[in-house]
Amino acid sequence: MTVAPGYPSEERPHRVLGKIVLKERIDVSTSYEEKLTAAWNNEALRARREKLLAAEAARHGANALYLISSSTDRFARMPERTRVYYAVSLSADPPKYPDVETLLGRLSLAKDGYHEVKRFTAKLKELPDRAPETIQLKRGHCYMMAIAFHPGPVERQHGKVTSINFTYKVPNPEIFPGVPHINAGAGSFRERRDGDTSVLRSQHILDGLWSRTGAGEIACPVYRAQPAELSFTTFDGRALKNPPKFEPGRGTADFVVYERKLPAEYFTKTACARCIDVARQCS
């Protein structure tokens, strides 16, 4: 079990206090399977079990228990079942959600030289049918797109939604081996943690655990300026014959396009990839 730090509030966050292991044994003589099933589901045993668990949890300051595993040793002389619970302290505080600007600031894109060039707001449920957004790609620049959710719950229940990704198309693809290019491409939103970049597992959502922001690279054109059409999709099940439908869930987010100018040395090297030996003489 994972608990987000500082959620739902910094003053009183949810806490995992530890595990409680409960072992039950039942004396079975005849009609093994029937008696075993009846014994495990016996109301008196259930009430006694819950009373013992609640008392042990409360002794450690917990107010809730989560069953994480249950196993039965049917070959023991007296059948034994082991059940493992997480003892947790759930806060009654309402969640405090950061605003969009705070979320975008956590991506630290400005430190990398990026500045905002376009922003639009969209509801997740509208993404599958949303018309493509047009962005202008300039020669010698790199582009990123960020997502930042508005304050409030985001409904993306695990197993009922798909990942959120984006694709882009340009009228004149540029393809040169071994160098950056712009073509029909795709990207994923990633979150930055302590200077590192890790994949944003957007399908694993439990409000307060999933990062509410992320950014992914669009393209770094070095040969020509041209518009790109940007739309949303999912990468889940791409290799399957019948991939799942794009189901992004519910919530509202800002989508922000960032731009930065390529360093002169890098631009020269990539623009002259076909004549790398004379790269510094290329225009």
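Residues numbered from 1 in each chain as written. Predicted model: local features only at pLDDT ≥ 70, side-chain atom pairs only at ≥ 80, totals over all residues. Heavy atoms only, no water.

Chemist: An account of the side chain of Glu259 is needed here, citing residue identities and associated values.
Modeler: Assignment of secondary structure puts Glu259 in strand S13 (residues 252-261). A distance of 2.7 Å separates polar atoms of two side chains, one belonging to Glu259 and the other to Tyr143. (Helix = DSSP H or I, 4+ residues; strand = E, 2+ residues; numbered from the N terminus. Polar contact = N/O pair within 3.5 Å; in protein donor to acceptor, adjacent residues only side chain to side chain.)

Chemist: Describe the sheet that holds strand S2 (residues 64-73), naming the residues involved and giving the relevant values.
Modeler: Pairing is antiparallel across the open sheet formed by three strands, whose spatial order is S1-S3-S2. Edge strands, defined here as strands with exactly one partner in the open sheet, are strand S1 (15-25) and S2. The mean inter-strand angle of the sheet, taken between neighbouring strand axes irrespective of direction, is 15°. Of the pairings in the sheet, the one linking S2 to strand S3 (residues 80-89) comprises nine bridges and is antiparallel in character. When the bridges of S3 are listed, Leu67 appears paired with Tyr85. Its contacts with the sheet place helix H2 (residues 43-59) against S1, S2 and S3, and it is angled at close to 145° to S1. (Pairing = 2+ DSSP bridges. Axes fitted to C-alpha atoms, helices over the stretch in contact; angles between N-to-C directions. Contact = heavy atoms within 4.5 Å.)

Chemist: Tell me what's going on with the pattern of salt bridges, and back it up with residues and numbers.
Modeler: Evaluation of the coordinates by the stated rule reveals 10 salt bridges. The partner of Arg119 in a salt bridge is Glu116, with the nearest N and O atoms 2.8 Å apart. We note a salt bridge from Lys245 to Glu247, for which the minimum N-O separation is 4.0 Å. By relative accessible area, Lys245 is classed as exposed at 63%. Assessed through its relative accessible area of 35%, Glu247 is described here as partly exposed. It is possible to trace a salt-bridge network through shared partners that takes in Glu101, Glu116, Arg119 and Asp254. (Salt bridge = Lys/Arg side-chain N within 4 Å of Asp/Glu carboxyl O. Buried < 20%, exposed > 50% of the residue type's maximum accessible area, 1.4 Å probe, protein only.)

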